[in-house]
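Here is how the chains run, residue by residue.
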Amino acid sequence: MKQYLLLGQTLSFSGNPLLTPWENVTHHNSAGGVLITGDRITAVDNADTLKRAHPDATIVDYGDALIHAGFVDAHMHYPQTRMIASWGKQLIDWLNTYTFPEESRFGDRAYADAVAADTLDLALAHGTTTLTSFCTIHPESVDAFFGAAAQRNMAVVAGKTCMDRNAPDTLVDTVQSAYDDSKALLEKWHGIGRATYAITPRFSPTSTPDQLQVLGDLWAENPDCLMQTHLSEQLPEIAWVKDLYPTSRDYLDTYETHGLLGAKGLYGHSIYLEPREIDRLAEVGAAVVHCPTSNTFIGSGLCDVLGLARAGVAMGLATDTGGGSSFSMLRTMAAAYEIGQLRGDVLHAAQLMWLATEGSAATLHQSGQIGHLGTGAMADITVLDLAATPLIAQRVKSAENVWDQLFPTIMMGDDRSIKDVWVAGSRVT
Ligand code: GUN
Ligand code: ZN
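Read on for an overview of the structure. Computed from a predicted model, the values in this text were never measured in an experiment.

As a further point, take the pattern of salt bridges. Tallied over the entire structure, the rule returns 21 salt bridges. Asp-118 is the salt-bridge partner of Arg-82, the closest N and O atoms lying 3.0 Å from each other. Pair noted here: Arg-82 is in the loop between strand 5 (71–77) and helix 3 (91–103) and Asp-118 is in helix 4 (residues 109–125), with a separation of 36 residues, a long-range link. On the basis of relative accessibility, which here comes to 42%, the residue Arg-82 falls in the partly exposed class. According to the relative accessible area criterion, Asp-118 is partly exposed, its value standing at 33%. Residues Arg-276 and Asp-253 are paired through a salt bridge, measuring 3.9 Å at the closest nitrogen-oxygen approach. Of this pair, Arg-276 sits in helix 10 (residues 275–284) while Asp-253 sits in helix 9 (residues 251–256), placing them 23 residues apart in sequence. Judged by relative accessible area, which is 23%, Arg-276 ranks as partly exposed.

The environment of ligand 1 is formed by 13 residues, the closest being His-77, Gln-80, Arg-202, Glu-233 and Asp-320. Between Arg-202 and ligand 1, the recorded distance is 2.7 Å, taken from a side-chain N or O atom to an oxygen atom. In this structure, a nitrogen atom belonging to ligand 1 sits 2.7 Å away from a side-chain N or O atom of Glu-233. When isolated, ligand 1 has an accessible area of 280 Å², and the protein chains bury 100% of it. In this structure, ligand 1 is accommodated by the largest cavity. Per-element tally for the shell around ligand 1: the top contributor is helix 3, with three residues.

A separate point is the coordination of the zinc ion (ligand 2). At the metal site, the zinc ion (ligand 2) is ligated by His-75 (NE2), His-77 (NE2), His-230 (NE2) and Asp-320 (OD), and these contacts range over 2.0 to 2.4 Å. In this structure, the zinc ion (ligand 2) is surrounded by four donor atoms whose angles at the metal cover 90 to 160 degrees, and the resulting shape is irregular. Taken in sequence order, the residues that donate to the zinc ion (ligand 2) follow the motif H-x1-H-x152-H-x89-D. With a gap of 155 residues between them, His-75 in strand 5 and His-230 in strand 10 (residues 226–231) connect regions that are remote in the sequence. Both residues of the pair, His-75 and His-230, count as buried.

We now examine the packing of helix 13 (residues 329–343) against helix 14 (residues 349–363). Helix 14 packs onto helix 13 with a crossing angle of 130 degrees between their chain directions and a minimal axis gap of 10 Å. Classified by the angle their axes make, helix 13 and helix 14 are oblique. Once helix 13 is placed against helix 14, the crossing between them reads as right-handed. Residues Met-329, Met-333, Ala-336 and Tyr-337 of helix 13 pack against Leu-352, Met-353 and Ala-356 of helix 14. Tallied by class, the residues present in the contact of helix 13 with helix 14 amount to seven nonpolar, no polar and no charged.

Quick look at the environment of Ile-199 now. Assignment of secondary structure puts Ile-199 in strand 9 (residues 195–201). A relative accessible area of 0% means that Ile-199 is categorised as buried. For Ile-199 and Ser-182, which are 17 residues apart along the polypeptide, the C-alpha to C-alpha distance reads 6.9 Å. The contact partners of Ile-199, leaving out residues within four places of it in the chain, are Leu-186, Leu-215, Leu-218, Trp-219, Cys-225, Leu-226, Met-227 and Gln-228.

We now examine empty space enclosed by the protein. A probe matching the size of a water molecule, rolled over the atoms, marks out where space remains unfilled. In total, this model carries three cavities of 30 Å³ or more according to the counting rule given. Taken as a whole, the largest cavity spans an internal volume of roughly 100 Å³. Along its surface, the largest cavity is lined by His-77, Gln-80, Leu-91, Trp-94, Leu-95, Arg-202, Phe-203, His-230, Glu-233, His-269, Ile-298 and Asp-320. With three residues, the single largest contributor to the lining of the largest cavity is helix 3.

Attention now goes to unusual backbone geometry. Residue Gly-322 is reached from Thr-321 by a cis peptide bond, and omega for that bond is 0 degrees. Locating Gly-322 in the fold gives a position in the loop between strand 13 (314–317) and helix 13. The phi angle at Asn-153 is positive, at roughly 60 degrees, despite the residue not being glycine. Relative to the helices and strands, Asn-153 resides in the loop between helix 5 (139–151) and strand 7 (156–159).

We now examine the sheet that holds strand 4 (residues 58–69). Reading across the sheet, the seven strands line up as 3-2-1-4-14-15-16 and stay open at both edges, with mixed pairing between neighbours. With partners counted over all chains shown, the strands left at the sheet margins are strand 3 (40–46) and strand 16 (426–427), one partner each. The pairing of strand 1 (residues 3–13) with strand 2 (residues 26–37) spans ten bridges and is antiparallel. Bridge pairing in strand 2 links Gln-3 to Thr-37. Packing against the sheet, helix 14 makes contact with strand 1, strand 2, strand 4 and strand 14 (381–384), and its axis sits at approximately 125 degrees to strand 1.

Definitions and limits used
Residues numbered from 1 in each chain as written. Chains lettered and ligands numbered in written order. Predicted model: local features only at pLDDT ≥ 70, side-chain atom pairs only at ≥ 80, totals over all residues. Heavy atoms only, no water. Salt bridge = Lys/Arg side-chain N within 4 Å of Asp/Glu carboxyl O. Helix = DSSP H or I, 4+ residues; strand = E, 2+ residues; numbered from the N terminus. Buried < 20%, exposed > 50% of the residue type's maximum accessible area, 1.4 Å probe, protein only. Near = heavy atom within 4 Å. Polar contact = N/O pair within 3.5 Å; in protein donor to acceptor, adjacent residues only side chain to side chain. Areas by Shrake-Rupley, 256 points an atom, 1.4 Å probe, with all protein chains shown as cover. 1 Å grid on protein atoms, 1.4 Å probe; cavity = no way out; pocket = protein on both sides within 12 Å on 5 of 7 lines; lining within 4 Å. Sits in = over half its atoms within 2 Å of the grid points. Donors = N, O, S within 2.8 Å, 3.2 Å for Na, K, Ca; no water. Tetrahedral: all angles 85-135°; square planar, octahedral: opposite > 155°, others 65-115°. Axes fitted to C-alpha atoms, helices over the stretch in contact; angles between N-to-C directions. Parallel < 35°, antiparallel > 145°, perpendicular 65-115°, else oblique. Left-handed = near helix turned anticlockwise from the far one by under 90°. Contact = heavy atoms within 4.5 Å. Nonpolar A, V, L, I, M, F, W, Y, C, P; charged D, E, K, R; others polar. Points joined across faces, edges and corners; volume = space filled by probe spheres on them. Pairing = 2+ DSSP bridges.

Below is the structure:
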């Protein structure tokens, strides 16, 4: 089997640096190597050791660049790629003004194909090897996304977005069609190649209780699938949920009472959680996905990443495009850092990199498979140029260690910082 030996600086993790001192679980090698055999990583070690042990491997020498696991975006909306960075609205107005009209176009398979292809290629150009995406109500939009991902051999998670109220006529399904279409799509795609299906109620305001219930039933019938939705993103949204579900204890309860709370549940945003909600998320082993560029761009608020992690909630990181304003997980880490600063929490570069790789992979229940630079993982790898722009290059000249070298790229980097990307053992760029 074909073997490649990538040489450079390497960065990997053996534990969660949000919960233990990052120094104990973070591994940096300034003269490291990564051996790829077929589609997998088969060794991570010193460059010299690997060169001696595998003299026939094809060497790709990245010099001082940093080799790490490909970024894993744990929550985004590929149908919003064409309207990213739309001006001047907060969540509900933003959905009605920009998002719903654009999403109405995805019944057109050719349009969905084009946007899916562009989205995946843009993600790869930004060093992101896994996307977790909402689609639209149209089954065509799901076929387009999984099809485009299969062509690129990318591990993706996606599902048909279900909504049967509070959206335009062009963009609502029904209780029955949400169940039937989701079931047909998960049977078609879940576990095929690198595809994972996520049952996807958009959020409680756009589903009737009956629709939430049939999706909860479908999840119980298919417990292998993930479930993704939005939770407690903006205060007016939370007040609206209270009106729509007057008997619910809180926002999470609108999901919980309909079978939509579980270990394989992904709850995007989750900014204004009440103590009961945090306890329940932790108890069932559910995940919160932090979407910092979106939370600043749409004006949502400051998610308590460290507090939730310490309460036992699994935490991932995501762009939430097009509510998020960048495809770059570097920019997303920068926003997570800035939100931490506004909360009085200082996130270390190691913690940010962990969230963007290992943390997100864990929320998708793919730990050790993706987002991981270690033996046995799929060879989804990103190589960062740590001096990609004149501004960053002059800054890192005086860097004394890898963190001092890496942090300016986290704060100021973008797709220009991506030197190379590998997906399932094949070089993409
Ligand atoms: N809540 C419900 N739908 C959406 C969406 O598309 N984007 C964001 N950011 N929040 C949502
Ligand atoms: Zn979202």
